[in-house]
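Analysis of the macromolecular model
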Amino acid sequence: MNNFYFLSQPLLQDLITLLIKQNYQCIGPQVCDSYIQYDFLSDASQLPWGVGDKHAPGFYELTSTDKTQAFAWANSPSSIKPFLFKQQESIWRVQRNGAGKICFEPVIEYQPQALIGVRPCDITAMLVQDRVFLADPVEPRYAARRKSLFIVVVNCNAPSANCFCIAAGYDVAAKEQFDIAMTEIADGFVVESGSDKGAVLVEQLQLTIATAQQIQEANTRLTKARALQTKQLSKLTDDATLSNHPHWQNIADRCVGCGTCTQVCPTCFCHKQSSQETTEGYEQTREWDSCFAENHSFVNGAPLRKDTKSRYQQWLMHKFVYWKDQFDQNGCVGCGRCISWCPAGIDVTEEVKQLSKHNHET
Amino acid sequence: MKHENTNHFTPGEATIINRIQESPDVFSLFLKLTDPKLHQSYIQAIPGQFVMVYCCGIGEVPISIADGFTEEYSCQLTIRAHGHVTRQLSALQIGESVGLRGPFGQGWPLQQNHHKDVIIITGGIGCAPTFGAIKHILRYRNQYGTTHVLHGVKHSEDLIYCDDYQQWNKTAAIDISFAADTNPLPNWHEGYVTTLIDQLDIPTPDNTVCFICGPEIMMIKAAEQLAQRQLALNNIFLSLERNMHCGVGHCGHCQCGSQFICKDGPVFPYEKICNKIRN
């Protein structure tokens with residue numbers, strides 16, 4: 001798996017066409033209104049050619065850049081999470097039969113999907129979610145979708161000002177769990193396969209071996225990308241000092257409790273279930289929830305977390321402290337989406353930095 | 001705890017074999033799962049575990065297993081008609097069906113505490129998750145030491161399992177004391193159940209284990225009092241309650257610190273969660 005190949009720009013269409021022929025539903029990034037969104041992809045021209053993105057706390061804007069580049073941007077608001085862990089879906093249905101008994105039927109709907117242009121941070125996030133949904137008991141819908149995925153990563157040449165995957169312990173280049181990984185260079189992509197399925201596709205596309213110069217160009221771009229990231233991530237220890245830190249109130253004074261951070265975060269997994277009526281009976285619907293939602297902590301007649309301060313604390317502590325105990329790793333992958341999309345411009349790395357300070361000078 | 005054939009995600013149909021009105025707002029349902037394999041899997045249920053009960057068209061709620069498997073029924077659930085779903089469950093009759101998922105979670109550590117003295121402290125509907133534990137101790141009486149049960153209610157009219165408590169007290173195999181905030185019966189304490197702890201003789205605290213279930217404030221107070229009586233914090237067990245949707249550690253609602261109440265609990269050694277529930 002150590003060979004690097006070269007995929008010229010015209011062959012990008014062949015890649016997409018081949019995957020569609022193999023009955024994958026192809027999904028890839030496209031410009032939609034004023035942001036980048038992953039949607040059905042059939043044509044390479046639909047990709048965001050010449051599009052860059054500018055991120056800052058509470059700020060996101062698409063920019064115009066080199067038209068020969070389709071991946072000169074950092075990340076889209078939604079990540080690939082909705083393709084594995086759907087925003088809303090039916091999980092089982094129930095009907096009364098003639099004898100008055102009730103019959104339950106699981107609903108496991110999926111189809112093979114090829115995700116083209118996945119960012120490395122989203123692969124990392126997928127592996128984080130794997131530990132949630134593929135541990136015992138295995139969530140059958142997530143497992144079915146996960147198994148039938150074909151993943152084409154495009155490594156990150158243009159991290160944003162909000163990105164901190166390096167500080168989070170990860171990298172601008174994906175190392176595992178992809179079928180194909182590509183790094184965009186001037187006139188195409190340096191490609192490596194990461195699986196048998198990927199190797200087969202490389203062969204079907206009849207890719208040539210990448211030259212030393214092409215590999216060098218790819219490495220140079222990735223090295224430059226790493227150097228662009230400046231944010232740091234401090235460590236937090238769960239103790240009385242942290243629980244009672246006055247900075248929580250400082251954050252609460254700015255946070256509006258909208259929960260947008262939880263919606264754009266590629267690792268957040270909270271979801272709620274409810275019963276919906278159908279024409280034949282009822283179905284149990286699962287949909288994304290948020291720990292900022294008023295009734296998330298509802299028990300014995302009232303929510304346990306009644307205010308923004310306790311809700312923000314729950315979110316941040318889970319992401320950076322409790323997640324480690326639960327799943328042996330941090331819940332944060334450093335994608336920076338929560339920073340870009342927070343209407344109050346809260347930068348989670350700055351908040352973690354303040355909370356890690358033991359003198360209470362903020 | 002992994003069971004073959006338990007249904008984690010999709011409910012199985014269970015029929016109401018019997019129904020008892022225990023008190024004005026508390027009722028017991030004796031449920032039998034239709035699928036024989038699912039029914040058999042409840043033989044492994046441990047007192048303190050819970051199930052997700054589905055009321056058709058209304059929703060699901062987590063309910064502790066009050067008592068376990070017999071050939072006639074998969075489990076007994078004792079439920080307080082308090083919220084949206086439980087009020088609808090309370091209207092169901094014998095012969096009607098519900099959905100069941102489970103059993104889930106960690107139960108009372110009975111097998112791990114043979115030959116210890118046992119103190120069981122409960123409040124209100126909190127007696128239900130310990131009902132099966134008391135029955136287990138009585139069934140295997142010589143595996144456990146001196147056993148005390150302290151149970152508190154708001155009003156003596158709220159007492160459930162009256163016949164069982166009366167019968168057990170008669171055997172003298174365990175010692176049961178009651179407390180009521182109002183209208184205590186003769187021999188009952190008037191006030192909080194935690195006051196009864198002070199009157200309790202605990203000759204060997206390092207060989208004593210305690211199971212506590214009830215309102216969280218009461219559980220914390222009881223645990224702290226027992227700690228002062230030299231019980232180790234990892235010999236005091238609480239059954240916690242949180243908002244639950246999935247029951248299997250996926251939906252995120254039931255977390256208390258890093259613990260998922262549904263799969264790491266609901267029974268916890270006090271030492272593990274005291275920092276997160278004591279304010």
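The model shown is predicted, which means the values in this text are computed figures rather than measured ones.

**Details of the overall build of chain B**
The helix and strand tally for chain B stands at 7 helices and 15 strands. For chain B, whose C-alpha radius of gyration is 18 Å, the value lies close to the compact-globule estimate of 19 Å for 279 residues. Summarising its shape, the C-alpha atoms of chain B cover approximately 50 × 40 × 35 Å along the three principal directions. A buried classification covers 61% of the 279 residues belonging to chain B. For chain B, long-range pairs separated by at least 24 residues make up 70% of all intrachain contacts whose partners lie at least 6 apart in sequence. For chain B, the accessible surface area stands at approximately 11,300 Å², while carbon and sulfur atoms represent 48% of it.

**What about the overall build of chain A?**
The helix and strand tally for chain A stands at 12 helices and 16 strands. Pairs at least 24 residues apart make up 70% of the contacts formed inside chain A by residues separated by at least 6 positions. For chain A, the accessible area works out to roughly 15,700 Å², and carbon and sulfur atoms hold 49% of it. Across chain A, the centroid of the 33 positively charged side chains sits 3 Å from that of the 39 negatively charged ones.

**A word on the interface of chain B and chain A**
Between chain B and chain A, the contact holds 34 residues from the first and 41 residues from the second. The interface formed by chain B and chain A contains 1 salt bridge. A salt bridge links Lys276(B) to Asp238(A), with the shortest nitrogen-to-oxygen separation between them at 3.3 Å. Within the residue set of the side of chain B that touches chain A, elements represented by two or more residues are strand E1 (7–23), strand E4 (59–67) and strand E6 (97–104) of chain B. Considered class by class, the residues forming the side of chain B that touches chain A number 10 nonpolar, 17 polar and 7 charged.

**A word on the layout of surface pockets**
Residues and elements named next belong to chain B. Roughly 630 Å³ of volume is contained in the second largest pocket. Looking at the second largest pocket, it is lined by 29 residues, and the ones nearest its centre are Ala45, Ile46, Pro47, Leu110 and His136. Within the residue set of the lining of the second largest pocket, elements represented by two or more residues are E4, helix H3 (128–139) and strand E15 (267–269). Residues that form the lining of the second largest pocket fall into these classes: 16 nonpolar, 11 polar and 2 charged.

**Some thoughts on the packing of aromatic side chains**
All chains considered together, the criterion is met by 28 aromatic pairs over all chains. An angle of 55° between the planes, with centres 6.3 Å apart, marks the rings of Phe292(A) and Trp315(A) as tilted. Taken together, the residues span a long stretch of sequence, with Phe292(A) in the loop between strand E14 (282–288) and strand E15 (298–299) and Trp315(A) in helix H10 (residues 308–327) at a distance of 23 residues. For Phe292(A), a relative accessible area of 6% translates into the label buried. For the cation-ring pair, Arg119(A) lies above Trp73(A), with the distance from its terminal atom to the ring centre recorded as 4.7 Å. The ring of Phe260(B) carries Lys263(B) above its face, with NZ or CZ at 4.9 Å from the centroid.

**Structural notes on the sheet that holds strand E5 (residues 75–80) of chain B**
All names here are of chain B. One closed barrel holds the 6 strands; their spatial order is E1-E2-E5-E4-E3-E6, and the pairing between them is antiparallel. Sheet twist, expressed as the average angle between the axes of neighbouring strands with direction ignored, equals 45°. Judged from the 6 bridges that link them, strand E2 (residues 26–33) and E5 form a sheet pairing that is antiparallel. Note that in E5 the partner of Phe27 across the bridge is Ile79. Contacts between H3 and the sheet are confined to E4 and E5, with E4 contributing the most and set at about 30° to the helix.

**Brief notes about the pairing of strand E6 (residues 88–96) of chain A**
Residues and elements named next belong to chain A. Pairing of E6 with E14, which is carried by 6 bridges, proceeds in the antiparallel orientation. The residue bridging Glu89 from the neighbouring strand is Arg286, located in E14. Bridge count for E6 against strand E7 (residues 102–106) is 5 bridges, and the pairing is antiparallel. Looking at E7, one finds that Arg96 is bridged to Ile102. What sits between the antiparallel neighbours E6 and E7 is a turn of 5 residues, in which Gly100 has the positive phi angle 80°.

**Considerations on the pattern of salt bridges**
Note on pairing: side chains with opposite charge can pair once their charged atoms come close. All names here are of chain A. The tally for this structure, following the rule as stated, stands at 19 salt bridges over all chains. One salt bridge connects Glu139 with Arg141, and the closest N-O pair in it is separated by 2.8 Å. A salt bridge links Arg226 to Asp171, with the shortest nitrogen-to-oxygen separation between them at 2.6 Å. You can see Arg226 sitting in helix H6 (residues 212–228) and its partner Asp171 sitting in the loop between strand E9 (149–154) and strand E10 (180–185), a full 55 residues away along the chain. What emerges from the salt-bridge pattern is a single network uniting Arg93, Glu109 and Glu283.

**Overview of empty space enclosed by the protein**
All names here are of chain A. Under the defined criterion, the tally for this structure stands at 6 cavities of 30 Å³ or more. Computed from the structure, the largest cavity encloses a volume of approximately 140 Å³. Forming the walls of the largest cavity are 17 residues, and the residues nearest its centre are Cys255, Cys261, Tyr312, Cys342 and Ile346. Listed by contribution, the elements that provide at least two residues to the lining of the largest cavity are helix H9 (260–264) and H10.

**Considerations on the sheet that holds strand E12 (residues 208–209) of chain A**
Spatially, E3-E2-E8-E9-E10-E11-E1-E12 (chain A) is the arrangement adopted by the 8 strands of the open sheet, whose pairing is mixed. Two strands close off the open sheet at either side, each with one partner strand: strand E3 (35–40) and E12 of chain A.

**A closer look at the environment of Gly57(B)**
Residue and element names in this part refer to chain B. Mapping Gly57 onto the fold places it in the loop between strand E3 (50–55) and E4. A residue is classified by how much of its surface remains accessible, and Gly57, at 22% relative accessible area, is partly exposed. With 116 residues separating them in the primary sequence, Gly57 and Ala173 have C-alpha atoms 45 Å apart.

What counts as what
- Residues numbered from 1 in each chain as written.
- Chains lettered and ligands numbered in written order.
- Predicted model: local features only at pLDDT ≥ 70, side-chain atom pairs only at ≥ 80, totals over all residues.
- Heavy atoms only, no water.
- Helix = DSSP H or I, 4+ residues; strand = E, 2+ residues; numbered from the N terminus.
- Rg over C-alpha atoms; globule rule 2.2 N^0.38 Å.
- Buried < 20%, exposed > 50% of the residue type's maximum accessible area, 1.4 Å probe, protein only.
- Contact = heavy atoms within 4.5 Å.
- Areas by Shrake-Rupley, 256 points an atom, 1.4 Å probe, with all protein chains shown as cover.
- Lys, Arg positive; Asp, Glu negative; His and termini not counted.
- Charge placed at Lys NZ, Arg CZ, Asp CG, Glu CD.
- Salt bridge = Lys/Arg side-chain N within 4 Å of Asp/Glu carboxyl O.
- Nonpolar A, V, L, I, M, F, W, Y, C, P; charged D, E, K, R; others polar.
- 1 Å grid on protein atoms, 1.4 Å probe; cavity = no way out; pocket = protein on both sides within 12 Å on 5 of 7 lines; lining within 4 Å.
- Points joined across faces, edges and corners; volume = space filled by probe spheres on them.
- Phe/Tyr/Trp six-rings, centres within 6.5 Å; stacked < 30°, edge-to-face > 60°.
- Lys NZ or Arg CZ within 6 Å of the ring centre and 35° of its normal.
- Pairing = 2+ DSSP bridges.
- Axes fitted to C-alpha atoms, helices over the stretch in contact; angles between N-to-C directions.

Purely spatial values, then, with no claim about function.
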